[in-house]
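As a plain string of letters, each chain reads:
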Amino acid sequence: MLLAGKTVLITGASRGIGRGTAIECARHGADLALNWFQDREGIEETLAAVRALGRRAIEVEGDVARRESGERFIDAAAKAFGGVDVFVNNAGICPFHAFLDTPPEVFERTMAVNLHGAYYMTQAAARRMREQGRGGSLIAISSISALVGGGMQAHYTPTKAGVHSLMQSCAIALGPHGIRCNSVMPGTIATDINKEDLADPEKRSYMEKRIPLGRLGEPRDVAGCVVFLASDLARYVTGAAVLVDGGLFVNLQ
Ligand code: NAP
């Protein structure tokens, strides 16, 4: 029960890593405020899973790319649970596209959701934590793509490097308020975001062979690391990035 008594907010919790993280946080005793955008059925499933673990949960619809979504989300969580202890910036999109002809709308939307959204959400959460005066933990779901490139991801990888950089700067800006800021860098985690890409059995098997632990990741693999960073076990960890990739990054050959 590493998160007993804490309120955890997660963006993009209707599916994938966001849902896995919500469930793991609930297992560790947290109450959850969960943002989603389009997948109503998905968020209902996440809520049901959290409540089945005996924890309280609310959902807050909102496009993270819209600046006002941050304030709205934080206000709703604070109203329901009395405050905000942990904020997980997870919502993201990765529309694969070749660089040379990526339409500007694809680039701009990816930046707006993954980076601008994370910035305004983080700012809204940090303001509330500073007001509360009891510190907190901000966690960005960055990516292994913050460290390496992808030929079909030139509009995506800079957003993931960006959120990691955001956490580094925030660690400095918010350290005096006792607010820790870290990022998690997942490798290849099987979710909807890469379902199409990994539908090709050859590609999937190639990826599995590249991973020293011999398998793709699951949302709960990432969630465990988030729980650690959210908890008091990580009380002296700030400005850090943790790769959760089964060893993929270090496997040059
Ligand atoms: P996913 O299964 O496609 O889930 C994406 C989540 O983000 C959904 O809950 C979706 O909500 C939400 N979302 C998308 N656009 C949004 C918006 N504008 N406003 C609010 N929520 C929005 O993807 P995932 O793999 O779990 O990805 C989660 C995060 O992990 C992303 O930031 C991604 O970059 C990162 N990541 C993933 C991997 C991987 O291999 N899977 C690796 C590294 C990093 P709705 O469906 O309700 O719209």
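Quick look at the structure, then. Note that the structure is a prediction, hence the values are computed from the model and not measured.

1. Here we look at the side chain of Lys6
The residue Lys6 is located in the segment before β1 (7–10) in this model. At a separation of 3.3 Å, a polar atom in the side chain of Lys6 contacts the side chain of Asp232. Residues within four places of Lys6 in sequence aside, it is in contact with Ala30, Asp31, Asp85, Val86, Ala230 and Asp232.

2. So, the site of the ligand
Near the ligand you find 33 residues, and of these Arg15, Asp63, Asn90, Tyr156 and Thr191 are the closest. Within the side chain of Ser14, a nitrogen or oxygen atom sits 2.8 Å from an oxygen atom of the ligand. In this structure, a nitrogen atom belonging to the ligand sits 3.5 Å away from a main-chain N or O atom of Gly62. Listing elements by their share of the shell around the ligand, those giving two or more residues are α1 (16–27), β2 (31–36) and α4 (104–132).

3. Remarks on the sheet that holds strand β5 (residues 136–141)
Spatial strand order, β3-β2-β1-β4-β5-β6-β7: 7 strands in an open sheet with parallel pairing. The sheet is open, and its two borders are formed by β3 (57–61) and β7 (241–244), each paired with just one other strand. Adjacent strand axes in the sheet meet at a mean angle of 20 degrees when their direction is disregarded. Sheet analysis places β5 next to strand β6 (residues 179–186), joined by 6 bridges and oriented parallel. Directly across from Ser137, in β6, lies its bridge partner Arg180. Contacts from helix α7 (residues 219–230) reach β4 (86–89), β5, β6 and β7, with the element oriented near 165 degrees to β6.

4. Here's the deal with the packing of aromatic side chains
Two measures describe an aromatic ring pair: the distance that separates the ring centres and the angle between the ring planes. Summed over all chains, the structure comprises 2 aromatic pairs. Ring centres of Phe73 and Phe87 lie 6.0 Å apart, and the angle between their planes is 65 degrees; this geometry places the pair in the edge-to-face category. Separated by 14 residues along the polypeptide, Phe73 in helix α3 (residues 68–81) and Phe87 in strand β4 bring together distant segments of the chain. Side by side, Phe73 and Phe87 carry an identical accessibility label, which is buried. With centroids separated by 5.3 Å and ring planes inclined at 90 degrees, the aromatic side chains of Tyr119 and Tyr120 adopt a geometry described as edge-to-face.

5. As for the pattern of salt bridges
Overall, the coordinates contain 19 salt bridges when judged by the stated rule. Across the pair Arg15 and Asp192 runs a salt bridge, and its minimum N-O distance is 3.0 Å. Here the residue Arg15 occupies a position in the loop between β1 and α1, and Asp192 occupies one in the loop between β6 and α6 (201–210), the gap between them amounting to 177 residues. Judged by its relative accessible area of 40%, Asp192 is partly exposed.

6. Observations regarding the pairing of β2
Burial analysis of β2 places 6 of its 6 residues in the buried class, the great majority of the element. On β2, burial covers both faces: Asp31, Ala33 and Asn35 on one face and Leu32, Leu34 and Trp36 on the other are all buried. As paired elements, β1 and β2 share 4 bridges and run parallel to each other. The partner of Leu9 across the bridge, within β2, is Ala33.

7. Let's talk about the packing of α3 against α4
Here α3 crosses α4 at 40 degrees, and the two axes come no closer than 8 Å. Between α3 and α4, the angle is such that the two are oblique. The chirality of how α3 crosses α4 is right-handed. Contacts from Ser69, Gly70, Glu71, Phe73, Ile74, Asp75 and Ala78 of α3 reach α4 at Met121, Ala124, Ala125, Arg127 and Arg128. In terms of residue class, the contact of α3 with α4 is made up of 6 nonpolar, 2 polar and 4 charged.

8. Thoughts on the layout of surface pockets
The computed volume of the second largest pocket comes to approximately 260 Å³. The wall of the second largest pocket is formed by 18 residues, among which Gly135, Gly136, Gly178, Arg180 and Asp232 lie closest to the centre. Going through the elements one at a time, β5 and β6 are the ones with two or more residues in the lining of the second largest pocket. Within the lining of the second largest pocket, the residues separate by chemical class into 5 nonpolar, 7 polar and 6 charged.

The rules behind the values
- Here the residue index of a chain counts from 1 through its sequence in written order.
- Restriction of local features to residues with pLDDT of at least 70 applies here, the model being predicted, together with a cutoff of 80 or more for giving and counting side-chain atom pairs; totals for whole chains, interfaces and linings are based on all residues.
- Excluding hydrogens and water, the side-chain figures rest on all heavy atoms present in the structure.
- Runs of H or I in DSSP of at least four residues are treated as helices and runs of E of at least two as strands, each being numbered from the N terminus.
- Polar contact is the term for a pair of N or O atoms within 3.5 Å; when the atoms are in protein, one must be able to donate a hydrogen and the other to accept it, and sequence-neighboring residues count only if both atoms are side-chain atoms.
- The contact definition used throughout considers only heavy atoms, calling two residues in contact when any of these lie within 4.5 Å.
- Summary of the distance rule: residues count as near a molecule or strand when at least one heavy atom falls within 4 Å of that molecule or strand.
- A pair of strands is labelled paired if DSSP reports no fewer than 2 bridges between them.
- With axes taken as lines fitted to C-alpha atoms, and helix axes fitted only over the stretch in contact, angles between N-to-C directions fall between 0 and 180 degrees.
- In this scheme Phe, Tyr and Trp rings, the latter by its six-membered ring, pair at centre separations within 6.5 Å, and the angle between planes marks the pair as stacked below 30 degrees, edge-to-face above 60, and tilted otherwise.
- The classification of residues rests on relative accessible area computed with a 1.4 Å probe and restricted to protein chains. Under 20% of the type maximum is buried, over 50% is exposed, and intermediate values are partly exposed.
- Salt bridges are defined as contacts in which a side-chain nitrogen from Lys or Arg sits within 4 Å of a carboxyl oxygen from Asp or Glu.
- Reported orientations rely on four angle classes, namely roughly parallel under 35 degrees, roughly antiparallel over 145, roughly perpendicular from 65 to 115, and oblique for the rest.
- Each crossing is labelled by how the near helix is turned from the far one, with a counterclockwise turn of less than a right angle marking it left-handed and a clockwise turn marking it right-handed.
- When residue character is reported, Ala, Val, Leu, Ile, Met, Phe, Trp, Tyr, Cys and Pro are called nonpolar, Asp, Glu, Lys and Arg charged, and the others, Gly included, polar.
- Think of a 1 Å grid over just the protein atoms. A cavity is a set of points where a 1.4 Å probe fits yet cannot get out, a pocket is an open set with protein on both sides within 12 Å along at least five of seven lines, and lining residues have an atom within 4 Å of a point.
- Grid points are joined across faces, edges and corners, and a volume is the space filled by probe spheres set on the points.

In short, the description is geometric, and any link to function would need to be established separately.
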